[in-house]
Amino acid sequence: NVSKQQRQVGKAACVAEGTLVIVRDEGGHITAKPIQYVKITDLAWDGEEWVSHSGVVCNGEQECVQLSGMKLTPDHLIWCGAQ
């Protein structure tokens, strides 16, 4: 299993505008929405549980790689189900 600390490290890296994020809104509706439309009131699925967040932050433009339909910075950690 991935520890809470490991999940937090992955959250510090960047995902590109347009990347779909699974969220649960205040009404309990679960949907995938582009990261730039995630609201502070949405809970994000981190692969193990629903978590609150401090809001989406634009960190400027960085080079991204495409992996499994996502565009993210090369330092973004991805949990693949194995350790």
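Residues numbered from 1 in each chain as written. Predicted model: local features only at pLDDT ≥ 70, side-chain atom pairs only at ≥ 80, totals over all residues. Heavy atoms only, no water.

Caption draft 1: Spotlight on the sheet that holds strand β1 (residues 20-24). The 4 strands are arranged β2-β1-β3-β4 in an open sheet whose pairing can be described as antiparallel. Lying at the two open borders of the sheet, with one neighbouring strand each, are β2 (30-34) and β4 (50-51). Inspection of the sheet shows β1 paired to β2 by 5 bridges, in the antiparallel sense. Bridge pairing in β2 places R24 opposite I30. (Pairing = 2+ DSSP bridges. Helix = DSSP H or I, 4+ residues; strand = E, 2+ residues; numbered from the N terminus.)

Caption draft 2: Summary view of the pairing of β1. Burial of β1 is one-sided: the residues V21 and V23 facing one way are buried, the residues L20, I22 and R24 facing the other way are not. Between β1 and β2, which pair antiparallel in sequence order, lie 5 residues; one of them, G28, sits at a positive phi of approximately 90°. Relative to strand β3 (residues 43-45), β1 runs antiparallel, the two being bridged by 2 bridges. Each bridged residue has a counterpart across the sheet, and for R24 the counterpart in β3 is L43. (Buried < 20%, exposed > 50% of the residue type's maximum accessible area, 1.4 Å probe, protein only.)

Caption draft 3: Broad picture of the confidence of the model for the protein. Overall, the predicted model of the protein reaches an average pLDDT of 79, with 78% of residues at or above 70. Within the protein, the lowest mean pLDDT, 50, falls on helix α1 (residues 4-11), and the highest, 95, falls on β2. Contacts of residues 8-12 to residues separated by more than four positions or lying in other chains number 5 contacts, the stretch itself having pLDDT below 50. (pLDDT = per-residue confidence, 0-100. Contact = heavy atoms within 4.5 Å.)

Caption draft 4: A look at a nonpolar patch on the surface. The grouping of I22, I30 and W45 at the surface amounts to a nonpolar patch, some 290 Å² of accessible area in total. For W45, the position within the fold is in strand β3. (Patch = residues over 30% accessible without salt bridge, like charges linked within 9 Å, V, L, I, M, F, W, Y side chains within 5 Å. Areas by Shrake-Rupley, 256 points an atom, 1.4 Å probe, with all protein chains shown as cover. Salt bridge = Lys/Arg side-chain N within 4 Å of Asp/Glu carboxyl O.)

Caption draft 5: Inspection of the side chain of K33 at higher detail. In this fold, K33 is placed in strand β2. A polar side-chain atom of K33 sits 2.9 Å from a polar atom in the side chain of D42. Beyond its immediate stretch of four places on either side in the chain, K33 contacts T19, L20, V21, V23, V38 and D42. (Polar contact = N/O pair within 3.5 Å; in protein donor to acceptor, adjacent residues only side chain to side chain.)

Caption draft 6: Looking closely at the environment of P34. Locating P34 in the fold gives a position in strand β2. In this structure, the C-alpha to C-alpha distance between P34 and I22, residues 12 residues apart in sequence, is 8.9 Å. Sequence-distant contacts of P34, defined by excluding residues within four places in its chain, comprise G18, T19 and L20.

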